[in-house]
Amino acid sequence: MAYDIIIDNKNNKLNSVLENRILENSSLEILVHNFTLYAYAKMRDTLHRLKSAKILIEDDEYLLDKFEKKNEAMQFMLTSEGLDISNVLQQKFIVRDCSEWLKNKVQIKVTNKKDYIRGCLYQIFNEDGSNFTTVGTSSFNKWGLGLSSDRVYLNVEITDKKQKEDLSCWFNSLWNDD
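Structural notes, computed from the coordinates. (Residues numbered from 1 in each chain as written. Predicted model: local features only at pLDDT ≥ 70, side-chain atom pairs only at ≥ 80, totals over all residues. Heavy atoms only, no water.)

Looking at the overall build of the chain
Here is step 1: Across its full length, the chain carries five helices and nine strands.
Here is step 2: From first element to last, N terminus to C terminus, the chain shows the α and β order β-α-β-α-β-α-β-β-α-β-β-β-β-α.
Here is step 3: The burial tally for the chain puts 43% of its 178 residues in the buried class.
Here is step 4: Put simply, 74% of the contacts in the chain that link residues at least 6 apart link residues at least 24 apart.
Here is step 5: About 10000 Å² of surface is accessible on the chain, with carbon and sulfur atoms providing 50% of the total. (Helix = DSSP H or I, 4+ residues; strand = E, 2+ residues; numbered from the N terminus. Buried < 20%, exposed > 50% of the residue type's maximum accessible area, 1.4 Å probe, protein only. Contact = heavy atoms within 4.5 Å. Areas by Shrake-Rupley, 256 points an atom, 1.4 Å probe, with all protein chains shown as cover.)

This is the structure we're talking about:
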């Protein structure tokens, strides 16, 4: 397997690689175990540059209308000074913003097969013909993207054209496998 970069979320972080590789009007294909609201919020500006995205996911616990249900319990925080509600409006904005982004630019498929996805794939297709493929263990969450430094993940960016094409075909076969 030919690769240029090892992305371990210590020396090279996946969020930085994605931010540098995703251009205006890029397309993105992702195969991940989960996709969290926190990761969306941190990657929002980059994700909004996309023309379209496909997300093949195993765990839909954090998607769409479930954001609201999950965040109802997390909107308030008990601190030494009492109840802190300072981020309620920000959370509501992020939930609405992510929901709109998902509805307008993203196709989502959920596998409905428990423990089906164990590796992760990120494919970026740019209008200028450049494309980038990363394979490894990083889901779209704070640990997988390297936004939290307490875990190490192993990912590599594939540079071989044939391998990138093979991975694209593989993703499409999973996408089309109902």
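Having seen the structure, we can now continue with the description.
Focus: the side chain of Asn-9
Here is step 1: Tracing the backbone shows Asn-9 in the loop between β1 (3-7) and α1 (14-21).
Here is step 2: A polar contact is formed between the side chain of Asn-9 and the backbone nitrogen of Leu-14, at a distance of 2.9 Å.
Here is step 3: Side-chain polar atoms of Asn-9 contact the backbone oxygen of Gly-144, separated by 2.8 Å.
Here is step 4: For Asn-9, the residues in contact, after removing those within four places along its chain, are Leu-14, Ser-138, Trp-143, Gly-144, Leu-145, Gly-146 and Tyr-153. (Polar contact = N/O pair within 3.5 Å; in protein donor to acceptor, adjacent residues only side chain to side chain.)

Looking at the environment of Val-95
Here is step 1: Considering the arrangement of structural elements, one finds Val-95 in helix α4 (residues 88-105).
Here is step 2: You can call Val-95 buried: its relative accessible area is 6%.
Here is step 3: Put simply, Val-95 and Tyr-40 are 55 residues apart on the chain and 9.5 Å apart in space, counted from C-alpha to C-alpha.

Quick word on the pattern of salt bridges
Here is step 1: In total, this model carries four salt bridges according to the counting rule given.
Here is step 2: Salt-bridge contacts for Arg-21 lead to Glu-157; the nearest nitrogen and oxygen are separated by 2.9 Å. Linking Arg-21 in helix α1 with Glu-157 in strand β9 (residues 155-158), this pair joins segments that are 136 residues apart in sequence.
Here is step 3: You can call Glu-157 buried: its relative accessible area is 3%.
Here is step 4: Between Lys-162 and Asp-166 there is a salt bridge, with its nearest N and O atoms 2.8 Å apart. With Lys-162 and Asp-166 both in helix α5 (residues 161-176) and four residues apart, this pair spans about one turn of that helix.
Here is step 5: In the salt-bridge network here, residues are joined through shared partners; they are Arg-44, Asp-45 and Asp-97. (Salt bridge = Lys/Arg side-chain N within 4 Å of Asp/Glu carboxyl O.)

Things to note about the side chain of Thr-111
Here is step 1: Positionally, Thr-111 belongs in the loop between β6 (106-110) and β7 (120-125).
Here is step 2: With near-sequence residues (within four places) excluded, Thr-111 lies in contact with Leu-56, Ile-57, Glu-58, Tyr-116 and Ile-117.

As for the pairing of β7
Here is step 1: Counting buried residues in β7 gives five out of six residues, a clear majority hidden from the surface.
Here is step 2: Alignment of strand β2 (residues 27-32) against β7, held across five bridges, turns out to be antiparallel. Note that in β7 the partner of Ser-27 across the bridge is Phe-125.
Here is step 3: Hairpin remark: β7 followed by strand β8 (residues 131-136), antiparallel, with five residues in the connecting loop; positive phi at Gly-129, about 95°. (Pairing = 2+ DSSP bridges.)

Any functional reading would require information that these geometric values do not contain.
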